[in-house]
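Analysis of the macromolecular model
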Amino acid sequence: MREAGMSVRRQVLSDAHVDRANAKVDDFTSDFQDLITRYAWGEIWTRPGLERRMRSAITLTAMIAGGHEAELAMHVKAALRNGLTRDEIKEVLLQSAIYCSVPSANTAFSVASQALAEADAEEPSGTN
């Protein structure tokens, strides 16, 4: 599961992101990194029941509901890699305004706008 998880993690988050995260792993955080790689990425993201686009939309909503702005930024970029359009990401954020709260969605729009700008800077070819 760890190898499958690492493969999906790299595909969804990018090699650069995973390499940066792995460079920060130490004795204190290594067990946690192993846990999320095996279970979140290896057990859940590899399941056949949902395509990655749907998993990304669900994950964005969960990040908004939980108030996890740093993770939201990472998953906005991942959503683009998983095939969501900017308009679809916007619709997820609008939907979240109703079900998670307007203040949560307000923060999410700010975080997502910054993440999309960073994605543009990382890939200036406009493929996003």
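Preceding block: the structure.
Residues numbered from 1 in each chain as written. Predicted model: local features only at pLDDT ≥ 70, side-chain atom pairs only at ≥ 80, totals over all residues. Heavy atoms only, no water.

Concerning the overall build of the protein chain
Defined as follows: Each helix corresponds to a stretch of at least 4 residues labelled H or I by DSSP, and each strand to a stretch of at least 2 residues labelled E; elements are numbered beginning at the N terminus. Both definitions apply: the radius of gyration is a C-alpha atom measure, and the globule rule equals 2.2 Å times residues to the power 0.38. Whether two residues touch is decided by their heavy atoms; if any such pair falls within 4.5 Å, the residues are in contact. For accessible areas, the Shrake-Rupley method is used with a probe of radius 1.4 Å. Any residue's cover is judged against the shown protein chains and nothing else. Counted charges follow a simple rule, with Lys and Arg positive, Asp and Glu negative, and His plus the chain ends left uncounted. The atoms used to mark charge sites are NZ of Lys, CZ of Arg, CG of Asp and CD of Glu.
When its secondary structure is counted, the protein chain shows seven helices and zero strands. For 128 residues, the compact-globule estimate of 2.2 N^0.38 gives 14 Å, and the protein chain sits close to it at 15 Å. Along the longest, intermediate and shortest principal axes, the C-alpha atoms of the protein chain span 40 × 35 × 30 Å. Taking contacts inside the protein chain between residues at least 6 apart in sequence as the whole, the part at least 24 apart equals 65%. Carbon and sulfur atoms form 55% of the exposed surface of the protein chain, whose accessible area is close to 7500 Å². Separation between the mean location of the 14 positive side-chain charges and that of the 18 negative ones in the protein chain comes to 3 Å.

Let's talk about helix α1 (residues 2-13)
Spelled out, the test is: Under the convention used throughout, the expected extent of a helix is 1.5 Å for every residue step, that is, one less than its residue count. Exposure is judged per residue with a 1.4 Å probe applied to protein chains only, and the accessible area is read against the type maximum: over 50% gives exposed, under 20% gives buried, and values in between give partly exposed.
The terminal C-alpha atoms of α1, which comprises twelve residues, lie 16 Å apart, in line with the 16 Å expected from a rise of 1.5 Å per residue. For α1, the complete set of buried residues consists of Gly5, Met6, Val8, Arg9, Val12 and Leu13. Where α1 is buried, its residues contact α2 (15-23), α3 (30-44), α4 (52-66) and α5 (69-81). Count one or two residues on from α1 and you reach Ser14, which has phi positive near 100 degrees.

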